[in-house]
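# Results of the structural survey
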Amino acid sequence: KLLAAGYVWNGFGKTAGLVQIQELGTLETPIALTNTLNVGLVHDAMVEYMCRQGERRGYPVYSVNPVVCECNDGTLSRIAGRPVQAGHVSQAIAAAGPDFEEGDVGAGKGMICHGLKGGIGSASRVVELDGKQYTIGALVLSNHAVFDDLVVAGTPIQSLLDAHIPPHEDKGSIITVLATDIPLSERQLRRLCHRALVGLSRTGSFCGNGSGEIVIAFTTANRVPHYSEKAILPMGMVHDDAINPLFRAVAECVEESVLSSLLHAETVTGHHGRTVRCLSDLLDEK
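The text that follows walks through the structure, step by step, so that each part is easy to find. Keep in mind that this is a model prediction, so the values were computed, not measured. (Residues numbered from 1 in each chain as written. Predicted model: local features only at pLDDT ≥ 70, side-chain atom pairs only at ≥ 80, totals over all residues. Heavy atoms only, no water.)

## A closer look at the overall build of the protein chain
This is how the line gets drawn: What counts as a helix is a DSSP run of H or I of at least four residues, what counts as a strand is a run of E of at least two, and both are numbered from the N terminus. Throughout, radius of gyration means the C-alpha value; the globule benchmark is 2.2 Å times the number of residues raised to the power 0.38. Burial status follows relative accessibility: with a 1.4 Å probe on protein chains alone, a residue under 20% of its type maximum counts as buried, one over 50% as exposed, and anything between as partly exposed. In this description, contact between two residues means that some pair of their heavy atoms is separated by no more than 4.5 Å. Only the protein chains shown count as cover for residues, and the accessible areas themselves come from Shrake-Rupley with a 1.4 Å probe. For the purpose of counting charges, residues Lys and Arg are taken to be positive, whereas Asp and Glu are taken to be negative. His and the chain ends are not included. Throughout, a charge is located at the NZ atom of Lys, the CZ atom of Arg, the CG atom of Asp or the CD atom of Glu.
The secondary structure content of the protein chain amounts to six helices and 14 strands. Taken over the C-alpha trace, the protein chain has a radius of gyration of 19 Å; the compact-globule value for 286 residues is 19 Å, and the two agree within 12%. By the burial criterion, 49% of the 286 residues in the protein chain qualify as buried. Here the contacts in the protein chain between residues at least 6 apart in sequence split such that 76% fall between residues at least 24 apart. Total accessible area computed for the protein chain in this model is approximately 14,200 Å², and 51% of it derives from carbon and sulfur atoms. Seen as two clouds, the 23 positive and the 31 negative side-chain charges of the protein chain have centres 4 Å apart.

Written out as structure tokens, the structure reads:
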């Protein structure tokens with residue numbers, strides 16, 4: 001298991017598995033992203049996947065805590081159709097790697113961010129500690145905020161673009177996942193989760209009533225064996241006096257991830273006939 005932490009800034013969401021992360025500070029499955037009504041289906045598929053992994057490795061699974069996060073894509077998707085199947089989850093895990101698509105792909109296909117087409121976005125930073133380089137990365141599923149509030153590098157976008165975006169409320173949610181190879185405690189990972197909201201605010205989000213801002217962070221540097229003959233486990237952590245560069249990296253990564261989700265997305269016409277424009281098309285028309 002990996003040391004992990006979770007933080008709910010605004011709890012308008014249906015995330016599964018977060019309670020155990022907050023209580024035990026460990027992550028024991030892949031983190032799956034989907035839409036609101038498919039959380040149960042993906043959770044069940046993750047249980048099947050982990051049971052198969054346990055059998056293959058000779059460790060019978062008696063219990064497991066799948067982590068599944070969601071945003072509501074009902075504006076563009078026929079959400080009640082619940083098309084996700086167990087095979088899709090297995091395919092997604094098998095395809096996971098350092099290189100991946102962003103924008104309106106996977107769970108991000110039906111997501112809307114700041115009134116524009118959103119979805120999956122990612123960014124990373126390198127941090128040097130004690131002469132060694134480490135990485136902090138962020139991945140978001142963006143489905144939040146309103147167009148009039150969108151800010152890029154301190155500039156309100158609506159003042160630059162000749163675009164009519166229908167008025168809308170901030171009630172969509174954003175899931176943020178932070179990953180690092182820096183040795184951190186669960187407490188420090190939770191502190192990183194808090195700084196993710198700095199990145200969201202830089203893009204103009206105020207975390208509206210109907211939105212759900214949920215952050216999960218984990219480190220690959222501290223691992224907890226499922227079973228251990230030793231009562232005391234060796235763990236590393238950063239001195240808190242040296243943690244500021246990590247806070248800055250998280251804020252920058254999350255800000256860039258939101259913008260990346262917008263810039264990689266394409267214009268999409270959804271199930272209900274509504275078309276949501278992408279930021280790239282609006283910039284091309286400028």
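Anyway, onward from the coordinates.
## A short note on a nonpolar patch on the surface
Our working rule: Patch membership needs two things, relative accessible area over 30% and no salt bridge, and members are linked within 9 Å if like-charged or within 5 Å if nonpolar (Val, Leu, Ile, Met, Phe, Trp, Tyr). Take a side-chain nitrogen of Lys or Arg and a carboxyl oxygen of Asp or Glu: if they are within 4 Å of each other, that pair is a salt bridge.
A surface patch of nonpolar side chains, about 470 Å² in accessible area, is lined by Tyr59, Tyr62 and Tyr227. Of note, tyrosine 59 is situated in the loop between helix H2 (39-57) and strand E4 (67-71).

## Focus on the nonpolar core
Applied cut-off: Residues grouped as a nonpolar core are buried Ala, Val, Leu, Ile, Met, Phe, Trp, Tyr and Cys residues, joined through side-chain atoms within 4.5 Å.
Ranked by internal contacts, the top residues of the largest apolar core, which has 43 residues, are Leu116, Leu178, Ile182, Leu192 and Leu246. Elements with a minimum of two residues in this core: strand E1 (2-11), strand E7 (119-129), strand E8 (132-142), strand E11 (174-180), helix H4 (186-202), strand E12 (212-223), helix H5 (244-264) and helix H6 (279-285). Looking at this core, the element that brings in the most residues is H5, giving nine residues. In this view, leucine 192 contacts Leu178, Leu184, Leu246, Phe247 and Val250; residues no more than four positions away in its chain are not counted. Within the second largest apolar cluster, 17 residues are counted, among which are Ala4, Cys69, Val177 and Phe218.

## Section: unusual backbone geometry
Backbone geometry at alanine 145 places phi at a positive 70°, although glycine is not the residue there. The topology assignment puts alanine 145 in the loop between E8 and strand E9 (151-152). For cysteine 207, which is not glycine, the phi dihedral falls at a positive 60°. Among the secondary structure elements, cysteine 207 is positioned in the loop between H4 and E12.

## A few points about the pattern of salt bridges
The final tally for this structure, using the stated rule, is eight salt bridges. Between glutamate 256 and arginine 125 there is a salt bridge whose closest N-O contact spans 2.9 Å. Residue glutamate 256 is located in helix H5, and its partner arginine 125 is located in strand E7; the two are separated by 131 residues in the primary sequence. On the basis of relative accessibility, which here comes to 24%, the residue arginine 125 falls in the partly exposed class. Glutamate 255 is the partner of arginine 202 in a salt bridge, and the nearest nitrogen-oxygen pair spans 3.3 Å. Here the residue arginine 202 occupies a position in helix H4, and glutamate 255 occupies one in helix H5, the gap between them amounting to 53 residues. What makes arginine 202 partly exposed here is its relative accessible area of 34%. When its relative accessible area of 16% is taken as the criterion, glutamate 255 is described as buried. The structure contains a network of salt bridges with shared partners spanning Arg125, Glu252 and Glu256.

## Some thoughts on the environment of methionine 235
You can see methionine 235 is positioned in the loop between E12 and H5. Residue class for methionine 235 comes out partly exposed when judged on its relative accessible area of 38%. Sequence-wise, methionine 235 and aspartate 73 are 162 residues apart; in three dimensions their C-alpha atoms are separated by 40 Å. Leaving out residues up to four positions away in the same chain, methionine 235 has contacts with Leu3, Asn222, Arg223 and Val224.

## Examining the state of the cysteines
Definition in use: Counting rule for disulfides: a pair of cysteine sulfur atoms within 2.5 Å.
By the definition in use, this model includes zero disulfides. In this structure cysteine 207 is a free cysteine whose sulfur lies 12 Å from that of cysteine 113, the closest cysteine sulfur available. Cysteine cysteine 253 remains unbridged, with the sulfur of cysteine 193 as its closest cysteine sulfur at 13 Å. Under the relative-accessibility criterion, cysteine 253 is labelled buried at 0%.

## Side note on H2
The line we're drawing: For a helix, the expected span equals 1.5 Å multiplied by the number of residues minus one.
For H2, built from 19 residues, the straight-helix expectation of 27 Å at 1.5 Å per residue is met to within 8% by its first-to-last C-alpha distance of 27 Å. Buried within H2 are the following residues: Val39, Val42, Ala45, Met46, Tyr49, Met50, Gln53 and Gly54. The inward-facing, buried residues of H2 contact strand E3 (31-35), E4 and helix H3 (86-95). Backbone geometry just after H2 places glycine 58 at a positive phi near 80°.

## Description of the pairing of E7
Quick note on the threshold: The criterion for strand pairing is that DSSP finds at least two bridges linking the strands in question.
Note that E7 and E8 share 11 bridges and pair antiparallel. Along E8, the bridge assignment pairs valine 127 with tyrosine 134. Two successive antiparallel strands, E7 and E8, enclose a turn made up of two residues, where aspartate 130 displays a positive phi of approximately 50°.

Taken by themselves, the reported measurements are silent on function.
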